[in-house]
Amino acid sequence: MMSGLPHISSLRTKQTACYFLALFSLGLTTAAIGPAIPHLAEQTGSQLKEISSMLVMASFGYLLGSLAGGRLIDRIKGHPVIIIGLVCMAISFSILPLSPELVLLAVLAFILGLSQSFIDVGSNLMIVWAHGSNVGSYMNGLHLSFGVGTLVSPLLLAASLNISGAILWGFIIVAVLSLPAAFWLIRLPSPE
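Small disclaimer: the values here were computed from a predicted structure and weren't measured.

1. Comments concerning the overall build of the protein chain
Working step 1: Assigned secondary structure in the protein chain consists of seven helices and zero strands.
Working step 2: The N-to-C order of helical and strand elements in the protein chain reads α-α-α-α-α-α-α.
Working step 3: Here the C-alpha radius of gyration of the protein chain, 17 Å, is about what a compact globule of 192 residues would show, namely 16 Å.
Working step 4: Across the 192 residues of the protein chain, 43% fall into the buried class.
Working step 5: Expressed as a percentage of contacts within the protein chain between residues at least 6 apart in sequence, the contacts between residues at least 24 apart total 80%.
Working step 6: Working note: accessible area of the protein chain is about 9,200 Å², and carbon and sulfur atoms make up 71% of it.

2. Thoughts on the packing of helix α1 (residues 10-44) against helix α4 (residues 102-131)
In a packed pair of helices, the relevant descriptors are the angle between the two axes and the axis-to-axis distance.
Working step 1: In the contact formed by α1 and α4, the axes pass within 10 Å of each other and the chain directions differ by 160°. When the interaxial angle is binned, α1 and α4 end up roughly antiparallel. Note on packing geometry: the crossing formed by α1 with α4 is left-handed.
Working step 2: Here the residues of the contact of α1 with α4 are counted per class, giving 14 nonpolar, nine polar and two charged.

3. Concerning the packing of aromatic side chains
Working step 1: By the definition in use, this model includes two aromatic pairs.
Working step 2: Ring centres of Phe60 and Phe110 lie 5.9 Å apart, and the angle between their planes is 40°; on these two criteria the pair is classed as tilted. Placement of Phe60 in helix α2 (residues 48-75) and of Phe110 in helix α4 is noted, with a sequence separation of 50 residues between them.
Working step 3: Residue Phe60 is classed as partly exposed on the basis of its relative accessible area, which comes to 40%.
Working step 4: The interplanar angle of 5° and the centroid separation of 4.2 Å between the aromatic rings of Phe93 and Phe171 together place this pair among those described as stacked. You can see Phe93 sitting in helix α3 (residues 78-95) and its partner Phe171 sitting in helix α6 (residues 168-177), a full 78 residues away along the chain.

4. Looking at the nonpolar core
Working step 1: Of all hydrophobic cores here, the largest spans 46 residues; its most connected members are Leu86, Phe93 and Leu96.
Working step 2: Counting only elements with at least two residues in this core, the list comes to α1, α2, α3, α4, α5 (136-164), α6 and α7 (179-186).
Working step 3: A per-element tally of this core places α1 first, with 13 residues.

5. Focus on α4
Working step 1: For α4, with 30 residues, the first-to-last C-alpha span of 43 Å sits near the 44 Å given by 1.5 Å per residue.
Working step 2: Phi turns positive one or two residues past the end of α4, at Gly132, with a value near 55°.

6. Describing the confidence of the model for the protein chain
Working step 1: The predicted model of the protein chain averages 92 in pLDDT, with 96% of residues at 70 or higher.
Working step 2: Per-element mean pLDDT across the protein chain ranges from 92 in α2 up to 96 in α3.

7. Regarding the packing of α4 against α5
Working step 1: It is the contact of α4 with α5, at a shortest axis distance of 10 Å, that shows an interaxial angle of 155°. In terms of orientation, α4 lies roughly antiparallel with respect to α5. α4 and α5 meet at a crossing whose hand is right-handed. Along the contact surface, α4 presents Ser123, Asn124, Ile127, Val128 and His131, while α5 presents Tyr138, Met139, Leu142 and His143.
Working step 2: Considering only residue class, the contact of α4 with α5 consists of five nonpolar, four polar and no charged.

8. Some words on the environment of Ser178
Working step 1: Within the secondary structure, Ser178 is located in the loop between α6 and α7.
Working step 2: Considered as a pair, Ser178 and Met126 are 52 residues apart in the sequence and their alpha carbons are 18 Å apart.
Working step 3: Residues in contact with Ser178, not counting those within four places in the same chain, are Ser25, Thr29, Leu86, Met89 and Ala90.

9. Digging into a nonpolar patch on the surface
Working step 1: Together, Met57, Phe60, Leu63, Leu64 and Leu67 make up a nonpolar patch on the protein surface, roughly 440 Å² of accessible area in all.
Working step 2: Topologically, Leu64 is positioned in helix α2.
Working step 3: By relative accessible area, Leu64 is classed as partly exposed at 33%.

10. A look at α1
Working step 1: In a regular helix each residue adds 1.5 Å, so 35 residues correspond to 51 Å; α1 covers 48 Å between its end C-alpha atoms and thus fits that length.
Working step 2: The largest bend in α1 comes to about 60°, at Ala36, with the proline Pro38 one to four residues further on.
Working step 3: Directly after α1, the chain includes Gly45, whose backbone phi takes a positive value near 70°.

Each value, and the rule that gives it
Residues numbered from 1 in each chain as written. Predicted model: local features only at pLDDT ≥ 70, side-chain atom pairs only at ≥ 80, totals over all residues. Heavy atoms only, no water. Helix = DSSP H or I, 4+ residues; strand = E, 2+ residues; numbered from the N terminus. Rg over C-alpha atoms; globule rule 2.2 N^0.38 Å. Buried < 20%, exposed > 50% of the residue type's maximum accessible area, 1.4 Å probe, protein only. Contact = heavy atoms within 4.5 Å. Areas by Shrake-Rupley, 256 points an atom, 1.4 Å probe, with all protein chains shown as cover. Axes fitted to C-alpha atoms, helices over the stretch in contact; angles between N-to-C directions. Parallel < 35°, antiparallel > 145°, perpendicular 65-115°, else oblique. Left-handed = near helix turned anticlockwise from the far one by under 90°. Nonpolar A, V, L, I, M, F, W, Y, C, P; charged D, E, K, R; others polar. Phe/Tyr/Trp six-rings, centres within 6.5 Å; stacked < 30°, edge-to-face > 60°. Core = buried A, V, L, I, M, F, W, Y, C linked by side-chain atoms within 4.5 Å. Expected span 1.5 Å × (residues − 1). pLDDT = per-residue confidence, 0-100. Patch = residues over 30% accessible without salt bridge, like charges linked within 9 Å, V, L, I, M, F, W, Y side chains within 5 Å. Salt bridge = Lys/Arg side-chain N within 4 Å of Asp/Glu carboxyl O. Bend = angle between axes of the 7 residues up to and from the residue.

So, in structure tokens, the structure goes:
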């Protein structure tokens with residue numbers, strides 16, 4: 001038991017660890033887009049001003065997903081929503097550096113934003129449901145894990161560029177790192 005944190009059950013510990021891992025994955029994908037923009041523009045033959053449509057579509061997907069995520073959790077359990085978000089995020093993120101067309105890149109960015117919002121809304125809501133009025137420290141930890149993901153992601157992309165001269169492997173590694181939380185959440189019940 002960590003100092004200052006109330007004792008929690010083994011199930012709640014596992015659920016909390018999954019939410020932390022999901023937000024870490026979200027941080028990884030969120031922070032990778034900015035440094036990758038010049039590479040994505042080059043691969044699609046777009047100018048930097050044209051590639052901004054990808055960012056607009058990702059934001060639009062995030063907005064719609066934020067609206068839909070809460071409604072989905074009201075109708076089905078929370079973990080399936082987070083799992084769908086993690087799997088779709090990993091797939092769309094891993095395909096981004098392979099997209100030869102700007103339109104396809106924008107569609108993938110929309111799916112990425114939608115998926116990311118499911119993870120964000122789902123994890124924040126589930127951690128509140130898991131810990132109730134004692135959620136404060138856990139909520140801080142949840143958002144700390146997002147920050148750690150945003151710190152690690154550019155380092156992975158830089159390593160990918162240094163080793164292979166391309167961002168593809170960095171994107172694939174980030175996508176693969178998004179999947180363990182999904183596989184772990186499949187085995188855990190959602191908090192009531």
